[in-house]
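# Observations on the model geometry
One letter stands for each residue in the lines below.
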Amino acid sequence: MRGIQPGVLGVVAVLAAIVVDAAPGLADPPPIVELGFHNGFCSTTEVSVPANTPFLIDIDTGFQFTDESEFRIPSLGVRVILPSAYFNPRARVAVEPQPTGSIPFELMTPWVSGSAGKGCWGTIHVW
């Protein structure tokens, strides 16, 4: 390059590398909490997530043989019909950032489903 000294070109390359390296990366993925709902029973009823951060709830519905079961968070207006074990036995619920506190949830199945259990109540602890 005409008019640029070799040392200057090296400094420009180093500065460009520093700027590229300092660029913000992709945001961290949201935390995922896992719940199991099998044959009308819950594998856990207490989970924790960080405050002011969106999070995902993965629900495994293996051995849940009805498509009339539901996951609900009444205080947030969340109501999701869960898949039966005959199809993809997983559901994912995205929850917006929440302030510190406790959020009750429900996993329910109808009495006529043939499941041994009828559901459970639990709490998401936001800290």
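Shown above is the structure to which this text applies.
This report concerns the structure included in the present document. Counting from 1, residues in each chain are numbered in the order their sequence is written. In view of the model being predicted, local features appear only for residues whose pLDDT reaches at least 70, and side-chain atom pairs are presented and counted only at 80 or more, with totals across whole chains, interfaces and linings using the full set of residues. Only hydrogens and water are removed before side-chain values are computed, so all heavy atoms of the structure are retained for them.

## Overview of the overall build of the chain
Here a strand is any run of E in DSSP of at least two residues, a helix any run of H or I of at least four, and the numbering for each starts at the N terminus. Within the chain one finds one helix and nine strands. Ordering the α and β elements of the chain from the N terminus gives α-β-β-β-β-β-β-β-β-β. Throughout, exposure labels follow a simple rule: accessible area from a 1.4 Å probe, protein chains only, divided by the maximum for the residue type, with under 20% read as buried, over 50% as exposed, and the rest as partly exposed. When burial is assessed residue by residue, the chain has 34% of its 127 residues classed as buried. A separation of at least 24 residues holds for 59% of the contacts in the chain among residues at least 6 apart in sequence. Accessibility throughout is a Shrake-Rupley quantity obtained with a 1.4 Å probe, and a residue counts as covered only by protein chains that appear here. Counting only carbon and sulfur atoms, one obtains 63% of the accessible surface of the chain, whose full area is about 8000 Å². Contact between two residues is taken to exist if any of their heavy atoms lie within 4.5 Å; hydrogens are not considered.

## Section: the sheet that holds strand 7 (residues 90–95)
Two strands qualify as a pair provided DSSP detects at least 2 bridges between them. The mixed open sheet is built from four strands, whose spatial order is 2-1-4-7. Two strands bound the open sheet, and with one partner strand each, they are strand 2 (41–42) and strand 7.

## Observations concerning the pairing of strand 8 (residues 101–108)
One ladder, built from three bridges, connects strand 5 (residues 70–73) with strand 8; its direction is antiparallel. When the bridges of strand 8 are listed, Arg72 appears paired with Glu106.

## What to know about the state of the cysteines
Disulfides are defined as cysteine sulfur pairs within 2.5 Å. Per the counting criterion, the structure on display carries one disulfide. Through a disulfide, Cys42 is tied to Cys120; the S-S separation comes to 1.5 Å. Every disulfide takes its handedness from the sign of the S-S torsion; for Cys42 and Cys120 that torsion is -60°, giving left-handed. Of the two residues, Cys42 sits in strand 2 while Cys120 sits in strand 9 (residues 119–126), which places them 78 residues apart along the sequence.

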